[in-house]
Amino acid sequence: MTPETVKIAIRRSDGGVSIMSFITRGRGDVLPSGATWEDQGRGLWRREPTDANVSQEITRVPLLDAVGYRRITDADILPDRTFRDAWIDDGEKLLHDIAKAREIHRQRLRVARAPVLADLDVAYQRADEKGDKPGKARVVALKQELRDITAHPGIEAAQTTDELKAIWHEALK
């Protein structure tokens, strides 16, 4: 038996959103709080997604710090989870906090460029050992481009997450 669920968007005190799948029908030896046995012999139980039951389930999640919630459908959940930590709920729909998404994108750029910069350090040393001044200059220029990528003006100008994702350096692919 596949559990039946109701999706809940939980607004957190930090402004973010957590999505909970509230299971309304399931199977198991343990009866969840707020549930009743549908067929105890087969371990089937049911619980209604009442405010009391949903609130009780939310309080069981440590460190969630919920300030409110509402029921949503699968269609309400944003399909692209790239900037999941920037989701907010305006009370009618889930959307992205673009300022948070910008910071998430900058951090992803930093993480992606770290190993590339390390490899370029080696390339620079090899060029130095060979006395290859043009090679050293190319490495220095590329390293500077990678350092500057987090200050790319397009990041601050971006109004959508698709615009943010388009800002990437070829060397990071």
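The following refers to the structure shown. (Residues numbered from 1 in each chain as written. Predicted model: local features only at pLDDT ≥ 70, side-chain atom pairs only at ≥ 80, totals over all residues. Heavy atoms only, no water.)

### Quick word on the overall build of the chain
- Each helix and strand counted, the chain has five helices and seven strands in total.
- Starting at the N terminus and walking to the C terminus, you meet the elements of the chain as β-β-β-β-α-β-β-β-α-α-α-α.
- The C-alpha atoms of the chain give 24 Å as radius of gyration, which overshoots the globular expectation for 173 residues (16 Å, by more than 25%).
- The dimensions of the chain, computed from C-alpha atoms along their principal axes, are 80 × 35 × 25 Å.
- In the chain, which comprises 173 residues, the proportion classed as buried is 35%.
- Considering only residue pairs separated by 6 or more positions, the chain has 48% of its internal contacts joining residues 24 or more positions apart.
- Summed over its atoms, the accessible surface of the chain is roughly 10500 Å², and 51% of this surface lies on carbon and sulfur atoms. (Helix = DSSP H or I, 4+ residues; strand = E, 2+ residues; numbered from the N terminus. Rg over C-alpha atoms; globule rule 2.2 N^0.38 Å. Buried < 20%, exposed > 50% of the residue type's maximum accessible area, 1.4 Å probe, protein only. Contact = heavy atoms within 4.5 Å. Areas by Shrake-Rupley, 256 points an atom, 1.4 Å probe, with all protein chains shown as cover.)

### Notes on the environment of R102
- Mapping R102 onto the fold places it in helix α2 (residues 98-130).
- R102 sits in the buried class, given a relative accessible area of 9%.
- Separated by 54 residues in sequence, R102 and E48 place their C-alpha atoms 39 Å apart.
- Here R102 is in contact with I155, E156, A158, Q159 and L164, once residues within four sequence places are set aside.

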